[in-house]
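Reading the structure
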Amino acid sequence: MNAPFRNPFIRTALLAGAMTTAYFIGRAHEADLAAAAYAKQTKTRQEQWRLAHTPLALAAIKNLSLEERSRLQLNTVKLGSSTLAMDRGGNFYVDGEDLGKLAKLDPNQALALLAKLPHGKMTSEAYQSFFKQWIAADPDATALITTTATELPQGPEKTSALSAVAVAWAQQDPKAALDWASGLDEANASALGNTLAYVSGSQPALAAQYIQDITNADERNKLILHIAQSWGNANWNTLDRTDTSATLDWLDQVATGATYDAAVNSVFWSYGYINPAAGAALVDKINDPQDRSGAIKTLSLDWAVSKPGAVLDWLQTLPDDDSAIRGTMLATTFTTWSKKNPDAATSYVEGITDPQLFTTLAPALAPAMAKDDPQAALNWVNGFPDSAAKTQAISGVLATMAVNDFTDAWNYAANLPTGTARDGAMDSLVSTLSGTNPAQAATLLGQLGSDAAVLSATTTLAFNWAKSDPAGLSTWINTQPAGNLRDTAVEQYVSIQVGRDPAAAVALANTIADDATRMAYVKDSVLQMAKKDLAAATQAVQTANIAEAQRQNILLLLSQAPGK
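The rules behind these values
- Residues numbered from 1 in each chain as written.
- Predicted model: local features only at pLDDT ≥ 70, side-chain atom pairs only at ≥ 80, totals over all residues.
- Heavy atoms only, no water.
- Helix = DSSP H or I, 4+ residues; strand = E, 2+ residues; numbered from the N terminus.
- Contact = heavy atoms within 4.5 Å.
- Areas by Shrake-Rupley, 256 points an atom, 1.4 Å probe, with all protein chains shown as cover.
- Buried < 20%, exposed > 50% of the residue type's maximum accessible area, 1.4 Å probe, protein only.
- Core = buried A, V, L, I, M, F, W, Y, C linked by side-chain atoms within 4.5 Å.
- Phe/Tyr/Trp six-rings, centres within 6.5 Å; stacked < 30°, edge-to-face > 60°.

Below, the discussion takes up the overall build of the protein. Helices and strands together make up the secondary structure of the protein, namely 34 helices and three strands. In the protein, the share of contacts with a sequence separation of at least 24, taken over all contacts with a separation of at least 6, comes to 50%. As presented, the protein carries roughly 28200 Å² of accessible surface, and 52% of it is formed by carbon and sulfur atoms.

Further remarks concern the environment of Gly 155. Assignment of secondary structure puts Gly 155 in the loop between helix H9 (142–150) and helix H10 (156–170). Judged by relative accessible area, Gly 155 falls into the buried class, the value being 16%. Between the C-alpha atoms of Gly 155 and Ser 124, which are 31 residues apart in sequence, the distance is 9.2 Å.

Moving on: the nonpolar core. Among the nonpolar cores identified, the biggest contains 138 residues, and Phe 131, Leu 196, Trp 314, Phe 334 and Leu 398 are the most heavily contacted of them. Filtering out sequence-adjacent residues up to four positions away, Phe 131 remains in contact with Leu 111, Ile 145, Thr 148, Ala 149, Leu 152, Ala 161, Ala 164 and Val 165.

Before going further, it helps to examine the packing of aromatic side chains. One pass over the full model with this rule turns up seven aromatic pairs. Considering the side-chain rings of Trp 169 and Trp 180, the 6.1 Å spacing of their centres and the 55° angle between planes classify their relative orientation as tilted. Here Trp 180 lies in helix H11 (residues 174–182) and Trp 169 lies in helix H10, a separation of eleven residues in the sequence. The interplanar angle of 15° and the centroid separation of 6.4 Å between the aromatic rings of Phe 406 and Trp 410 together place this pair among those described as stacked. Remark: Trp 410 and Phe 406 occur in helix H25 (residues 406–414); sequence separation between them is four residues, near one turn of the helix. The same class applies to Phe 406 and to Trp 410, which are both buried. Each residue in the set Phe 334, Trp 337 and Tyr 348 is aromatic and connected to the rest through ring pairs, giving one cluster.

Spelled out as structure tokens, the structure:
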């Protein structure tokens, strides 16, 4: 006997190992017999395990302990092209896609296998994949498939199975699938919800017929929004620009509230592009003021591209609650139209009988008319009744004239009768010229005295000039005689320069003729100066052209300045 076998401990261990091996082989034979009952084509154990996909064979494997399965390398079993695996607890699980492949080969065997799996997320996914693959592989077996899914025990696996069947069936016959899903009990209502979500993408009108069958309010609201969005997109994708009445009728059936508002908005943002008339009808259904104003603005801009006259007519029908956005969009739409097609816009204005609407629209047309014949445009505008519209229209015409001949435009404005039209025209022209040649604008103003119109224009000129060339404005001011015109320019200079150069602002503020005005501007300038140089500010007050009581008041303020 070899030396190792003389050791009694070794002999005992070897004997025990042989007995254990024999036991395992016997147990493995039971599994082999179970496999062979189905896989009679071959006698090799390897092929039997590869072909075995019956619950009988799997049950035989499951009867083995984890140690036995590990020893026999049965931790995984090939099921045709699928793989059945075991977790640490000895439970079988299978990938959903693999099980779907098996469903095409033998659904009955796959169902039997599913019944052996433990409850859990992976099992629910396996049921879902199986039923999806089954109905796709055998559409003629729909009745059997739906019955099979319905008769499953209640639980997450059944819920997954019913949703899979309904959605897969809807790809072939959406109405039949919805009819079936809507008849399921409340515990399985998610199947109808999932099917509606799928069907609404291509047939929102059909999906809308079943929305009230969703009993859960939150789920129903989500689906309403989904259907609304899909309905708009469906019409856009098919370029259906006329048949929108069904959508509007459906919205009327949706209960008012936040969901209703959101659904209307969702549909509007599609219909506003494809069918402006339907978009206009939807605006009437929007309750939120901000959303409503946004919709009116968007629709007006889009619709005006093709039918500006229709937009203007529609805007006039809006209620007084929309007066602000209505007026804005009337002017915006008509201004754009008058630039692109002044003849058509003129014809529209000439047909207006409402004085208020005429006042809103006519001024926008005048500049466009002035491009071809400024005198004719002026003659037309002069026929307007005295109003803000007339003032605006004259200013627009003269601004257009000034591009080619500023002098002619200026002379025309200066010779207008005293009133708002003259004031507005001069102010507009000075504003235009002050950006390019403020000195020339100042010279022209200096020839007109100092009436209200001139003072208003001087304010505009000095403000613009102070921002672009404060030194130039200061030089011009110092050439002007004392009076209202000079003071007006100084006030604008100080307003701009007080934050930039308070010392220069104080110097000119001291020259303002009116006592009260001078005091106010000096005080403001000095206090600004004190933020940078308190000593200089104090000195400026000591020499300021103000009353002594005012001086002491400002000095007191300076003594209380931070850091003093």
